[in-house]
Amino acid sequence: MKIEIFDTTLRDGEQGAGVEFSDHDKLRVIHALDALGVSYIEAGMITDERSAAFFDSLRDIKLENARLAVFTQTCKAGEKPEDNRLLTLAANAPVPVAVIFGKAWLYQVTDVLGTTADENLRIIRDSIRFLRAAGKEVIFDAEHFFDGYADSPEFAMSVIRAAYSAGASRVVLCDTNGGMLPDVVGLITNAVCEKFQNIGIHCHNDMGMAAACTVSGVLSGATQVHATVSGVGERCGNANMNTLIPVLQLKLGFDCIGDKISNLTRTARTINEAANLSFNENEPFVGGYAFTHKAGTHIDGVRKAPRSFEHISPATVGNDRNIVVSGLSGRSAIIDKMGAYLSETDGTFSKDDPRVIRASELIKEREAAGYDYEDAGASLALVIDEALGRRRHFFKLLSLKVIVDENASKSDKTEDKNFFTASAVVKIAVDDKEYLTAGEGNGPVNAIDSALRRALMRFYPAIANMHLTDYRVRVLDSNATASNVRVSIESTDGKSVWRTIGVSSDVIHASWQALCDSVEYMLGKEQAK
């Protein structure tokens, strides 16, 4: 059975605090979602002429799988649809679908809209007919439906009836407040689906149950699922599409996006990056920790029989198994990691192999100094390369000078709240060639990154494809400013993501270590190709 995936990341998702997309980012998200195979993409809400102008830019867009939708409201009580400016802008938007929301809770009608039940049904019918006359497929979001049904089943059902009578292709039951339990959603959805077809489900995550409520809705007859990538959205967010697609398709046998599900992890990361969000590695299915094994018994079990500690194959959703090397994992984990770096000519090896022992000693030595390789696989790979005697240092630092200038931004008439600018001068050597360059940035680490890139571009042009996506600092003990710090950097080349670390009592030095590891890991991958 086909379940339509309706993505609302660019509309309901952007209503989440800290989520914002530029017009360029929106186009990037649209193409990523279309490639994933979703059925509908809600490209945004028209709130003024500027937002309407974005929809004009979609006039000639070519998509293979998805239909684009604009989100809008009904006309107001006592108003004709053609007199509503936003409704008219939505009707004229060059996309095939319009999503319109209206009240399904009588309490909201009387106490929020300040009108009558009959007038509420009138504005729903007239608004849908207006959009249908403009050539739009219309999907109706029955706002606060589950609260409304609990209050007055008759009125809630009359709202659905009014929407279908006016020409809506689908009616979506919305748990707008996010306060419903899955069994309640299931019971009410089942009651609706006994009388109506083409029902959708739209749940918010205010109790952490949006995905569970959505699944309950589908099992009770809903055939369209509204969700956002990583569950971003208003308040606590929406149902998480990254979770729902695998659950519905892999666990329950519904057809959501077919074999394109193997692109799910990459798509999730691409859209989080476009939203300028730090990716939640604890996300089910697509997170970096979803198939990460740390305990020695788990590692041994998953090496012998993956099903013993993995409920699906990571590759099914485009993810990878990750074996964490730490004090809990022992040499079995090191052997597993080293296997990725050994060729057939290296032969087999055991826990007593000198290379394994050397790697174990290096890791323990650096963990004692504050390094933690659980979430820094790229730095760990370089340690293993070192134990194998094959690590290549692509460049050597000859000198580094960082200057932080407070006065520069204080004189800036834009009144930027970032009071410091920085510049860095880097001198490196590659083989027998030396190069001196400088870079400016929003802070010292950004300046060092800029200068190092400029220097290395002369020798390694592939460095242009790499950029940092996350930067974190953690104090390792309680001595405040005298403490060692651990700097973690996440980088990408647009195809893969890797993480590196550095440890020092000087945050600049720790940042330099992590940055160098990141660059050398990337160049090592390019060399291997």
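These numbers were taken from a predicted model, which means no experiment stands behind them.

A. Representation of the sheet that holds strand β1 (residues 4-7). A barrel is described by the order of its strands in space; here 8 strands give the closed sequence β1-β2-β3-β4-β5-β6-β7-β8, paired in parallel fashion. Mean inter-strand twist for the sheet, computed between neighbouring axes without regard to direction, equals 25°. For β1 and strand β2 (residues 40-45), the ladder comprises 2 bridges, and the chain directions are parallel. When the bridges of β2 are listed, Asp 7 appears paired with Ile 41. Across the sheet, helix α2 (residues 49-56) lies against β2 and β3 (67-73), angled at about 150° from β2, the strand it touches most. Against the sheet, helix α8 (residues 182-193) contacts β6 (170-175) and β7 (199-203), and its axis sits at roughly 160° relative to β7.

B. Summary view of the nonpolar core. Counting residues in each nonpolar core, the largest one holds 92 residues, and the members touching the most others are Phe 55, Ile 128, Phe 140, Phe 145, Val 225 and Met 241. The greatest single-element share of this core, amounting to 7 residues, is contributed by helix α7 (residues 153-165). Filtering out sequence-adjacent residues up to four positions away, Ile 128 remains in contact with Ile 100, Val 138, Phe 140, Ala 163, Ala 166, Gly 167 and Ala 168. Grouped together as the second largest cluster of nonpolar side chains are 29 residues, Phe 394, Ala 422, Cys 516 and Leu 523 included.

C. Helix α5 (residues 117-133), seen in detail. Given a rise of 1.5 Å per residue, 17 residues ought to cover 24 Å, and the 25 Å separating the end C-alpha atoms of α5 matches this to within 8%. Those residues of α5 lying buried are Glu 119, Asn 120, Leu 121, Arg 122, Ile 123, Ile 124, Ser 127, Ile 128 and Leu 131.

D. View of the side chain of Glu 42. Examined against the element boundaries, Glu 42 turns out to sit in strand β2. Judged by its relative accessible area of 1%, Glu 42 falls in the buried class. Of note is the side chain of Glu 42, whose polar atom sits 2.5 Å from the side chain of Thr 8. With near-sequence residues (within four places) excluded, Glu 42 lies in contact with Phe 6, Asp 7, Thr 8, Leu 10, Arg 11, Ala 69, Phe 71 and Val 99.

Analysis parameters
- Residues numbered from 1 in each chain as written.
- Predicted model: local features only at pLDDT ≥ 70, side-chain atom pairs only at ≥ 80, totals over all residues.
- Heavy atoms only, no water.
- Pairing = 2+ DSSP bridges.
- Helix = DSSP H or I, 4+ residues; strand = E, 2+ residues; numbered from the N terminus.
- Axes fitted to C-alpha atoms, helices over the stretch in contact; angles between N-to-C directions.
- Contact = heavy atoms within 4.5 Å.
- Core = buried A, V, L, I, M, F, W, Y, C linked by side-chain atoms within 4.5 Å.
- Buried < 20%, exposed > 50% of the residue type's maximum accessible area, 1.4 Å probe, protein only.
- Expected span 1.5 Å × (residues − 1).
- Polar contact = N/O pair within 3.5 Å; in protein donor to acceptor, adjacent residues only side chain to side chain.

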